[in-house]
Amino acid sequence: GGQNLYAGCMAAYDRTQPNPSLLGVTCLDVSLLTDVTTWKSKTGWDFFACAATDMTKQCRQVNLMECHRQKIRQAYSADSVCSGTVEQKRFASVDTSTVCPCQDQKCVDDPSFIDELGYFCDTWVGDDCVNTNPAWGYSEAGLAVVREKCPKSCNLCE
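Residues numbered from 1 in each chain as written. Predicted model: local features only at pLDDT ≥ 70, side-chain atom pairs only at ≥ 80, totals over all residues. Heavy atoms only, no water.

Peer 1: Which residues make up the state of the cysteines, and what are the values?
Peer 2: A full pass over the atoms with the stated rule returns four disulfides. Two residues share a disulfide in this structure: Cys107 and Cys157, whose sulfurs sit 1.9 Å from each other. Handedness of the Cys107-Cys157 disulfide follows from its S-S torsion of about -75 degrees: it is left-handed. Remark: Cys157 occurs in the segment after helix 5 (140-149) and Cys107 occurs in the loop between helix 4 (86-90) and helix 5; sequence separation between them is 50 residues. Across the disulfide, Cys121 is cross-linked to Cys150 (sulfur-sulfur distance 2.0 Å). On the S-S bond that ties Cys121 to Cys150, the torsion sits near -70 degrees, and the link is left-handed. Residue Cys121 is located in the loop between helix 4 and helix 5, and its partner Cys150 is located in the segment after helix 5; the two are separated by 29 residues in the primary sequence. Unpaired in terms of disulfides, Cys82 finds its nearest cysteine sulfur in Cys67, a separation of 13 Å. With relative accessibility at 26%, the residue Cys82 sits in the partly exposed group. (Disulfide = S-S within 2.5 Å. Helix = DSSP H or I, 4+ residues; strand = E, 2+ residues; numbered from the N terminus. Buried < 20%, exposed > 50% of the residue type's maximum accessible area, 1.4 Å probe, protein only.)

Now the structure itself:
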């Protein structure tokens, strides 16, 4: 079995051009600082886990479409270009001259929506709204409504 990682990563993009390019990524895993299993048994763990999750939600949301992600992969190497999904295949032949489509400006979250567990859409930024952790306690119907009402936060915009 694998081990749960409690890492934080931040990508840095060059936004001086119309099409952002990846400059690099920096990450840190909590297990480098302390034994996570021991820490989880201490009273401060729940506070840390909640605070860390909340802090990540304050980061600027980066909504790169598959075309942009493929360009970043292509800039690294042709072997890095993905082709598993329909969207990845659609943009498999991107190069530096490819102009990626803009995200639909009408794709916005419902600002008044509160999900079945009492959270607003922005809580979903950075989380997977499709393959959600069952331990979070959401019903399939509740997740379907989240995807409908929070497409921007769920990174589902075209």
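Peer 1: So what's going on with the packing of aromatic side chains? Residues and values would help.
Peer 2: Tallying each qualifying case throughout the model produces five aromatic pairs. Ring geometry for Trp39 versus Trp45: centroids 5.2 Å apart, planes at 80 degrees, classification edge-to-face. An aromatic cluster is built from Trp39, Trp45 and Phe48, whose rings are joined through pairwise contacts. (Phe/Tyr/Trp six-rings, centres within 6.5 Å; stacked < 30°, edge-to-face > 60°.)

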